[in-house]
Amino acid sequence: MGQDLHELLRSLRMWDPEVTALPPFDPATAPAEPLGLFTTWFAEAVAAGQREPHTMSLATADEAGLPDVRIVMLHGADADGWSFATHATSRKGEQLAVRPHAALAFYWPVLGRQVRVRGPVTAAPSEESRRDLHARSTGALAAALTGRQSDVLGSVEELARESRAAWDRARQNPDAPAPTWTLYHLRPHTVEFFQGDADRRHVRLNYRRTDGGWARELLWP
């Protein structure tokens, strides 16, 4: 007999105190801009032992406006925005070409925290994308050289063959170009910080970009 999904769901709990600490968060102490708070929270997630804190959900929409979402890796966050990378010819790359807006979501359950980022997306210049790729691991370069992301795959044997060739090329030429590999910057219009609370009095602090900088507002949980 297979597992009953509903029973499994009822058996689970959020923020088990054995593995999760819910630190207090006073929004009055938050900095004027969201990047500083994000950096602090990211560092605290790392220190708390959160696994893969640099992974995030990336939501885009296709030409018809239908949503899509997947997990990607954060490549940086600075004055240019929150950065990630993919092939321009991939599904998400094609979606960003027709609808250059996206949303990001980070979830760090070890601290009961979420961060949500929304805004327009621009592609970095090719030289910046090249530097980003070649600063990463040999495996990352091999994956980029394999290419054809989101295309229909004929067989796992075809993937193995193409991947072996890409790994050989990446090892032999660490500067090998991957022309469609693109670094993207999401320039946020809003950034929301969510701190979970055991009594369900969750704190939601939203930063909203204005002509004069950033406005801060609390949201009902």
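Check the entry above for the structure.
Residues numbered from 1 in each chain as written. Predicted model: local features only at pLDDT ≥ 70, side-chain atom pairs only at ≥ 80, totals over all residues. Heavy atoms only, no water.

Draft legend 1. Focus on the packing of helix α5 (residues 138–146) against helix α6 (residues 156–172). At a minimum axis distance of 8 Å, the contact between α5 and α6 shows a crossing angle of 125°. Judged by the inter-axis angle, α5 sits oblique to α6. Every pair of crossing elements has a handedness; the one defined by α5 and α6 is right-handed. Between α5 and α6, the residues in contact are Thr138, Gly139, Leu141, Ala142, Leu145 and Thr146 and Leu159, Glu162, Ser163, Ala166, Trp167, Arg169, Ala170 and Arg171, respectively. (Axes fitted to C-alpha atoms, helices over the stretch in contact; angles between N-to-C directions. Helix = DSSP H or I, 4+ residues; strand = E, 2+ residues; numbered from the N terminus. Parallel < 35°, antiparallel > 145°, perpendicular 65-115°, else oblique. Left-handed = near helix turned anticlockwise from the far one by under 90°. Contact = heavy atoms within 4.5 Å.)

Draft legend 2. Quick look at helix α4 (residues 126–134). The complete set of buried residues in α4 reads Ser129, Asp132, Leu133 and His134. The elements touched by buried residues of α4 are β4 (81–87), α5 and β7 (181–186). (Buried < 20%, exposed > 50% of the residue type's maximum accessible area, 1.4 Å probe, protein only.)

Draft legend 3. Structural detail: a nonpolar patch on the surface. Side chains of Leu5, Leu9 and Leu12 sit close together on the surface and give an oily, nonpolar patch of about 340 Å² of accessible area. Among the secondary structure elements, Leu9 is positioned in helix α1 (residues 5–11). (Patch = residues over 30% accessible without salt bridge, like charges linked within 9 Å, V, L, I, M, F, W, Y side chains within 5 Å. Areas by Shrake-Rupley, 256 points an atom, 1.4 Å probe, with all protein chains shown as cover. Salt bridge = Lys/Arg side-chain N within 4 Å of Asp/Glu carboxyl O.)

Draft legend 4. Here's a closer look at the side chain of Arg113. Structurally, Arg113 is set in strand β6 (residues 113–123). With a relative accessible area of 4%, Arg113 lands in the buried category. In contact with Arg113, other than residues within four places in its own chain, are Pro23, Trp41, Glu44, Phe106, Tyr107, Trp108, Phe194 and Gln195.

Draft legend 5. Highlighting the side chain of Ser83. Along the polypeptide, Ser83 turns up in strand β4. If sequence neighbours within four positions are ignored, Ser83 has contacts with Met56, Met73, Leu74, His75, Gly76, Leu183, Tyr184 and His185.

Draft legend 6. Structural detail: the pairing of strand β9 (residues 203–210). Where strand β8 (residues 190–195) lies against β9, 6 bridges are found, and the strand directions are antiparallel. Its bridge partner lying in β9, Glu192 is registered against Asn206. Across 7 bridges, β9 lies against strand β10 (residues 213–219) in antiparallel orientation. When the bridges of β10 are listed, Thr210 appears paired with Gly213. (Pairing = 2+ DSSP bridges.)

Draft legend 7. The arrangement of the packing of aromatic side chains in detail. Here the structure, examined in full by the defined rule, presents 11 aromatic pairs. Seen from their ring centres, Phe106 and Trp108 are 5.8 Å apart, and the 45° between their planes marks the pair as tilted. Given a relative accessible area of 0%, Trp108 falls into the buried group. Ring centres of Phe193 and Tyr207 lie 5.7 Å apart, and the angle between their planes is 70°; this geometry places the pair in the edge-to-face category. With a gap of 14 residues between them, Phe193 in strand β8 and Tyr207 in strand β9 connect regions that are remote in the sequence. Judged by its relative accessible area of 0%, Tyr207 falls in the buried class. An aromatic cluster is defined as three or more aromatic residues linked by ring pairs; in this entry it consists of Phe25, Trp41, Phe193, Tyr207 and Trp214. Stacked on the ring of Trp41, the Lys or Arg Arg113 has its end atom at 4.1 Å from the ring centre. (Phe/Tyr/Trp six-rings, centres within 6.5 Å; stacked < 30°, edge-to-face > 60°. Lys NZ or Arg CZ within 6 Å of the ring centre and 35° of its normal.)

Draft legend 8. Main features of the pattern of salt bridges. What the rule picks out here adds up to 11 salt bridges. Arg70 serves as the salt-bridge partner of Asp68, at 3.4 Å between the closest nitrogen and oxygen. When its relative accessible area of 17% is taken as the criterion, Arg70 is described as buried. Between Arg201 and Asp199 there is a salt bridge, with the nearest N and O atoms lying 3.1 Å from each other. Look at the salt bridges and you will find they share partners, linking Arg116, Glu192 and Arg204 into a network.

Draft legend 9. Examining the nonpolar core more closely. Phe106 and Val115 are the most contacted members of the largest nonpolar core, which has 27 residues in total. Listed by contribution, the elements that provide at least two residues to this core are α2 (34–47), β1 (55–61), β4, β5 (101–108), β6, β7, β8 and β9. Those residues in contact with Phe106, other than ones at most four positions away along the chain, are Phe38, Pro53, Thr55, Met56, Leu74, Trp82, Arg113, Gln114 and Val115. (Core = buried A, V, L, I, M, F, W, Y, C linked by side-chain atoms within 4.5 Å.)

Draft legend 10. Representation of the layout of surface pockets in the model. As a volume, the largest pocket reaches approximately 220 Å³. Ala85, Thr86, Arg136, Gln149 and Trp181 are the residues nearest the centre of the largest pocket, which is lined by 15 residues in total. Secondary-structure elements contributing two or more residues to the lining of the largest pocket are β2 (67–73), β4 and α5. Among the residues making up the lining of the largest pocket, the classes are represented as 8 nonpolar, 5 polar and 2 charged. (1 Å grid on protein atoms, 1.4 Å probe; cavity = no way out; pocket = protein on both sides within 12 Å on 5 of 7 lines; lining within 4 Å. Points joined across faces, edges and corners; volume = space filled by probe spheres on them. Nonpolar A, V, L, I, M, F, W, Y, C, P; charged D, E, K, R; others polar.)

Honestly, that's just the spatial picture; any functional story needs more than this.
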